[in-house]
Structure formats: structure tokens, C-alpha cells
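Structure at a glance
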Amino acid sequence: MNILVLGGARSGKSRHAQARCEALSGSLAYVATAEAHDGEMTDRIARHRADRGQRWRTVDAPVDLPGAIRSSAEWADAILVDCLTLWLSNLLLAGEDIAMWTSKLADAVRSCAVPVVFVSNEVGLSIVPENALARRFRDEAGWLNQQMAALCDEVILVTAGLPMTLKDGA
Amino acid sequence: MNILVLGGARSGKSRHAQARCEALSGSLAYVATAEAHDGEMTDRIARHRADRGQRWRTVDAPVDLPGAIRSSAEWADAILVDCLTLWLSNLLLAGEDIAMWTSKLADAVRSCAVPVVFVSNEVGLSIVPENALARRFRDEAGWLNQQMAALCDEVILVTAGLPMTLKDGA
Amino acid sequence: MNILVLGGARSGKSRHAQARCEALSGSLAYVATAEAHDGEMTDRIARHRADRGQRWRTVDAPVDLPGAIRSSAEWADAILVDCLTLWLSNLLLAGEDIAMWTSKLADAVRSCAVPVVFVSNEVGLSIVPENALARRFRDEAGWLNQQMAALCDEVILVTAGLPMTLKDGA
């Protein structure tokens, strides 16, 4: 039972995804794809980690997200991946092979014995960006979301903190 | 019974919000947060005002929106606030304390005896803006929409003129 | 029975619209509004055309979309227009009269005896673009989507490949 939680910036998507995990019992893995590039970011990440509380253990996975899902599944009862968009951004900036990583991610998800909840940004509802890298990112993000939506049992779109079901896991 | 009407640019959100107010009886307050910065804008505001017809009285509130809601509630049977996004933009450009104003707005809404219909833009469904002020505005707009959605009984997302219920007041 | 399929970039809207047409029997017209400006684009258009298979015949209509709908209706059992946003962009860049063309399009749709499925981008869910032409395009795209949504029997919003019904043709 995997869930994809989509939403815009500051839509409440991470909070919704976290609440879905906390509704399950047992140990929870927070797979973080964000990298701390400066002090402000480091502080913010530390604050968020403290906010999550005792049931959560954080696993950093800026690039090897499939590996982090596999290793987390050995001890966690549910896994939250926050978020796919930052992961894609890391891959793109590092010049990684996106199709290869996406295929590895799909394999990791399919063979995962515990539920995985993915957070991802919807980034394509604006005019075409002028910047070529931004256009490529937008395309890749759209394709990744489509693939993950096909792979997940349930897909939720969060707007202003309110969830809307796009695909019903029932 | 308060309503939040969300939507993108030219989505028909204001028209929908206005129709919701006009379905109620009595006097209607149109609380306008737009400021006329040039002749074109002045003409457009005047045209919109004439279009709204006799039941509406316009109250300008580029900054003190909580005050405008309180004073309008003394004579109006329903209040339309159009829109929260421009209000936030005014606050940000004037260097106002956004948390303080948002808290005042929440107080005004909670103590308001007549229905208030808010119009607001959803602005977070694109790639991260390059401009730092734009990023801050996008974050603040997302948080404001979340707070207002929590405070309102009904939340509607308008796309291409078509309303979709995100939170049902019933 | 006309359908409007809305969605962001890489949302799967074209694929959904194509599947809706292929669910119908008979000959299918693919009315393409894209113009090949370079070799890469030419290759991509040729590849897409080959992918669509034998039931489809492609009609190019970068500007005279109403004319292409009328002429396609003479032989096709269903018409796919992909997409309105590129058509609007072509009109804007060529300095054409958008209101006139939109009115002609509405006439062509109303008098069309076979189903027409339109694909269009939702482009207004971000912060205001800095570029004046981008702002104008965004406004025009929003208005066009509203008009087409009013004209169509069914309106679908596609997110991450998943359709959501905004207006139900039933």
C-alpha cells in the first residue's frame, strides 16, 4: 500500500503525508532528500527533525533514494519520502542518469514490504519557464509524478492543507 | 458560514465568489484590496465597480482588511473580500508584519456575525521562482491559504470557471 | 459531445485525450497546432505522428483552427485538437485578433457534427510573471479555457496522469 501525496509549495502536503504515516503503528523512517547547503537550511532541517518526535528516525538520501528505501524497510514499519522533487533536482544538478534512477526507484518500491508514502511537488501549472534547465526540470518532474502515480495505490492532491483523492487505494 | 474561493489567474474565482454572495439577500460589501497604481488600473476598478450593480457598496482595504471586515459587518448582510493575495502583496511591499495582520484577520473573521467570502490565488504550482521576494511571497501565500482554509467552513477551487469543493460546509 | 482536457505540463493530458478519442469508432483527425521551428521539433512531431497509428490523420492548424475543425468534420468521426494553448501562443506571436478567432472557434465547435476533444494547458497557478507578454498570455489562456469549458459538455483536469472530472457530460 503506497501513497503519493502531491501539492504545490506550502500546500500542507508534507504535513498530510506525515499524518498518514503516524496513523500507522510502529517505527517510522523519514527519508530526507534535502541537502543542507547553508546554515539556515541546516537549522531548518534540525528543527523539522526535532518536531517529528520519537517514533521517527531520519535517513538522508539526496541521491540513492532506492537504497535508502531498501535499508529503511529492514527496520521501519512505514517509510516517508520527502520529497521526490528535491531528489530529482539533486539528480539533475549532479548530472545523474534520471531514467536509470527512476527505474531503480520503481524496483525498490515494488519489492518493498512496508508502506511507502511519497511527497512530491506539482510544478507544471504555469507558463513555460524561460530558463532551459527549468523547462527540463519541469518536464522530468511531470514524468516522474506520472510514473509514481501509476505505481502507487493511492494518490492525493493537497491544496491549502485540504486533501483531494485523485486515485483511490480502496 | 465563511467561504474561501481559491483559483489561478483568470480562473473565474471572483465571479464565482460574487455569485455566492448575490445568492444571499440584503446589502453586500465588496472589500477591495487592490490599489490603483495607474490610470489603466483606475479605469478597470471603476468598470468592475459599475458592473457589480446597486446591491454592492465598495470598501477599500489595501492594508487594514480586519478593520474593513469589522466595519462592513455593521451594515452589510454579506462581505466579499477580493482578494487575499493582493492584500498579502500590499503587506509584503509595505514591510508590514504579516503574522500580526494574519492573526488580526483570523480574529475579525471569527467574531464576524455575517458571512464572509474570500477570494485568493493559488500560486504554488510551478517551479521555484528565481527571485527571492517571489519565493517569500509564494511561501506566505501558501501559508495564508492554509490558515484561511482551516478557518472557513467551505473551500472551493475554481478551474476554467468550474468550482470543485475541497471542504464541504454542510 | 465535446470534451475539454485540461492539465499542466507533462500531466498526461494529451494521452488521456487521445485515449478518449480512440474509445470511439471510425476515423480520427489529429488537429495539430504546434509549429516545427527547428529540427528537434520536426523529429518529435514525426515521432508522435508515427506513434498514433493508422486510425489517425494529422491536420496542421497553427492559426486557422476553426477551418481545420470544419474540414476535418467532413471525413472524421472524432477530432482531437492538441492543443489550444499552442494555438493561442501562435495567435499572440502573430499579432492576430484573439477575440475574433475565439469567436470563430466557438462557432465551429457549435456547428460541428462530430465530437471534438480539446487539450489545453492550465497556466495560471503560479505567481504573476515579470514579463508583460507572459502576463498577457496567461490572462488570455485563462479566459480561453473558461470559454471552452462553458462550451464543452465534459471537462477533465489531468494531474500526474490521473483524470478528475470538473464538469460531467452525463
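Residue numbers here run from 1 along each chain, matching the order of that chain's written sequence. The naming scheme follows written order: chains are lettered A onward, ligands numbered 1 onward. For this predicted model, a pLDDT threshold of at least 70 governs which residues receive local features, and a threshold of 80 or more governs which side-chain atom pairs are given and counted, while totals over whole chains, interfaces and linings are taken from all residues. Calculated side-chain values reflect all of the structure's heavy atoms, with hydrogen atoms and water omitted.

Focus: the UniProt feature "active site" (unreviewed entry) in chain A
Stated formally: UniProt positions are given in the numbering used here, feature names are shortened, and annotations may be inferred rather than shown by experiment. Helix and strand labels come from DSSP, where a helix needs a run of H or I of at least four residues and a strand needs a run of E of at least two; each type is numbered from the N terminus.
Per the UniProt annotation, the sites labelled "active site" (unreviewed entry) are His48 of chain A. Within the fold, His48 of chain A resides in helix H2 (residues 39-52).

Considering the interface of chain C and chain A
Rules: Whether two residues are in contact is decided by their heavy atoms, any of which lying within 4.5 Å being enough. The term buried area denotes the loss of accessible surface (1.4 Å probe radius) that occurs when two parts are joined, taken as the sum for both partners. Here a salt bridge means any side-chain nitrogen of Lys or Arg lying within 4 Å of a carboxyl oxygen belonging to Asp or Glu. Each residue gets one of three labels, nonpolar for Ala, Val, Leu, Ile, Met, Phe, Trp, Tyr, Cys and Pro, charged for Asp, Glu, Lys and Arg, and polar for the others, Gly among them.
Tallying the contact residues gives 22 residues for chain C and 18 residues for chain A. When chain C packs against chain A, close to 1600 Å² is buried across both sides, 66% of that on carbon and sulfur atoms. At the boundary of chain C and chain A, one finds 1 salt bridge. Between Asp139 of chain A and Arg10 of chain C there is a salt bridge, with the nearest N and O atoms lying 2.8 Å from each other. Looking at the side of chain C that touches chain A residue by residue, the classes come out as 9 nonpolar, 9 polar and 4 charged.

Observations regarding the nonpolar core
Where a protein is soluble and globular, its nonpolar side chains tend to be buried together. Formally: Nonpolar cores were defined as sets of buried Ala, Val, Leu, Ile, Met, Phe, Trp, Tyr and Cys residues, with membership established by side-chain atoms within 4.5 Å. Classification of residues uses two cut-offs on accessible area relative to the type maximum, computed with a 1.4 Å probe and protein chains only: under 20% is buried, over 50% is exposed, and between them is partly exposed.
Within the largest apolar cluster, 123 residues are counted, with the highest numbers of intra-cluster contacts made by Phe118 of chain A, Phe118 of chain B together with Phe118 of chain C. Setting aside residues no more than four positions away along its own chain, Phe118 of chain B makes contact with Ile3, Leu4, Val5, Ile69, Val81, Leu84, Leu105, Val109, Met148 and Cys152 of chain B.

Points about the relation of the copies chain C and chain A
The cut-off we apply is this: To line up the copies, we fit them by least squares on C-alpha atoms, keeping just the residues with pLDDT of at least 70 in both.
Once chain C has been moved 0.0 Å along the axis and rotated by 120°, it coincides with chain A to within an RMSD of 0.0 Å. The two molecules are tied by a three-fold rotation axis, judged by turn and shift.

Considerations on the packing of helix H4 (residues 84-93) of chain C against helix H5 (residues 98-110) of chain C
Packed helix pairs are specified by the crossing angle of their axes together with the interaxial distance, meaning the distance between the axes. All names here are of chain C. For clarity, the cut-off: Only the stretch in contact is used when a helix axis is fitted, and all axes are lines through C-alpha atoms; the angle between N-to-C directions ranges over 0 to 180 degrees. By the definition used in this description, the sense in which the near helix is turned from the far one sets the handedness, with an anticlockwise turn below a right angle giving left-handed and a clockwise turn giving right-handed.
The interhelical angle for the contact between H4 and H5, taken along N-to-C directions, is 145°, at an axis separation of 10 Å. In the crossing of H4 with H5, the sense of the turn from one axis to the other is right-handed. Across from Leu84, Trp87, Leu88, Leu91 and Leu92 in H4, the residues of H5 making contact are Ile98, Trp101, Thr102 and Leu105. Class assignment for the residues of the contact of H4 with H5 results in 8 nonpolar, 1 polar and no charged.

Things to note about the pattern of salt bridges
All names here are of chain A. Per the counting criterion, the structure on display carries 15 salt bridges over all chains. The salt bridge partner of Asp107 is Arg110, with a shortest N-O separation of 3.5 Å. Taken as a pair, Asp107 and Arg110 lie in helix H5 (residues 98-110) at a separation of 3 residues, close to a single helical turn.

Some words on the sheet that holds strand S6 (residues 154-159) of chain B
Residues and elements named next belong to chain B. Stated formally: Note on pairing: DSSP must find at least two bridges between two strands before they are called paired.
As summarised here, the arrangement of the 7 strands in space is S3-S2-S4-S5-S1-S6-S7, forming an open sheet in which the pairing is mixed. Each having just a single partner strand, strand S3 (56-60) and strand S7 (162-167) make up the two edges of the open sheet. For this sheet, the mean inter-axis angle between neighbouring strands, taken without regard to orientation, is 20°. Examined bridge by bridge, strand S2 (residues 28-32) and strand S4 (residues 78-82) share 5 bridges and lie parallel to one another. Within S4, the residue paired with Ala29 across the bridge is Ile79.

Some remarks on the side chain of Ser11 of chain A
Just so we agree on the cut-off: Any pair of N or O atoms that falls within 3.5 Å is considered a polar contact. Within protein, one atom must be able to donate a hydrogen and the other to accept it, and sequence-neighbouring residues count only if both atoms are side-chain atoms.
Within the secondary structure, Ser11 of chain A is located in the loop between strand S1 (3-7) and helix H1 (13-22). In terms of polar contacts, Ser11 of chain A uses its side chain to reach the backbone amide nitrogen of Lys13 of chain A, at 3.4 Å. Those residues in contact with Ser11 of chain A, other than ones at most four positions away along the chain, are Val158, Thr159, Ala160 and Gly161 of chain A together with Gln146 of chain B.

Section: H1 of chain A
Side chains that are three or four residues apart share a direction in an α-helix, a result of its 3.6 residues per turn. Where we set the bar: The reported arc concerns the directions from the helix axis to the C-beta atoms and nothing else.
Considered for burial, the residues of H1 of chain A that qualify are Lys13, His16, Ala17 and Cys21 of chain A. For H1 of chain A, the buried positions fall inside an angular range of 140° around the axis, keeping them on one side.

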